[in-house]
Amino acid sequence: MSRGFIGMVAGMALAFAAHFGGFGAFLLVAALGAAGYAAGAWLDGGGRLEDLRERFERGRR
C-alpha cells in the first residue's frame, strides 16, 4: 500500500471518530494511531520486543 492510501484511510478514521464520537473520540483515535505508527516504525527499524521489556524493567528500579 502506498503512503497516500494509508494517509487517506487514517484521515477517514479520524473523520468518522470526530463525527460520531465527538472531539474526545477524535483525540483518542489520533493518539492510538500515533502510538501504533511509532511501534510499527520501531519494529521496522530492527527493534526487538526484548529490548522494550528491558527498558521497562530498568525504569522500575
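Right above here is the structure, for reference.
Below is a short write-up of the structure. Not measured: the values here are computed from a predicted model.

## Notes on helix α1 (residues 3–44)
- For α1, which comprises 42 residues, the first-to-last C-alpha distance of 15 Å sits more than 12% below the rise-based estimate of 62 Å (1.5 Å per residue).
- The largest bend in α1 is about 145 degrees, located at Gly21.

## Looking at the layout of surface pockets
- Roughly 190 Å³ of internal volume is contained in the largest pocket.
- Considering the residues around the largest pocket, the lining is formed by Ile6, Ala10, Ala13, Leu14, Val29, Ala30, Gly33, Ala34 and Tyr37.
- When the residues that make up the lining of the largest pocket are grouped by side-chain class, the tally is 8 nonpolar, 1 polar and no charged.

## Let's talk about the packing of aromatic side chains
- This model, assessed by the stated rule, comprises 2 aromatic pairs.
- On the basis of an interplanar angle of 5 degrees and a centroid distance of 6.0 Å, the ring pair of Phe16 and Phe20 is categorised as stacked. With Phe16 and Phe20 both in helix α1 and 4 residues apart, this pair spans about one turn of that helix.
- Taking the relative accessible area as the measure of exposure, Phe20 reaches 64% and is therefore exposed.
- With centroids separated by 6.0 Å and ring planes inclined at 25 degrees, the aromatic side chains of Phe23 and Phe26 adopt a geometry described as stacked. One end of the pair is Phe23 and the other is Phe26, both in helix α1 and 3 residues apart, which spans about a single turn.
- Classification of Phe26 as partly exposed rests on a relative accessible area of 27%.

Procedures and definitions
Residues numbered from 1 in each chain as written. Predicted model: local features only at pLDDT ≥ 70, side-chain atom pairs only at ≥ 80, totals over all residues. Heavy atoms only, no water. Helix = DSSP H or I, 4+ residues; strand = E, 2+ residues; numbered from the N terminus. Expected span 1.5 Å × (residues − 1). Bend = angle between axes of the 7 residues up to and from the residue. 1 Å grid on protein atoms, 1.4 Å probe; cavity = no way out; pocket = protein on both sides within 12 Å on 5 of 7 lines; lining within 4 Å. Points joined across faces, edges and corners; volume = space filled by probe spheres on them. Nonpolar A, V, L, I, M, F, W, Y, C, P; charged D, E, K, R; others polar. Phe/Tyr/Trp six-rings, centres within 6.5 Å; stacked < 30°, edge-to-face > 60°. Buried < 20%, exposed > 50% of the residue type's maximum accessible area, 1.4 Å probe, protein only.

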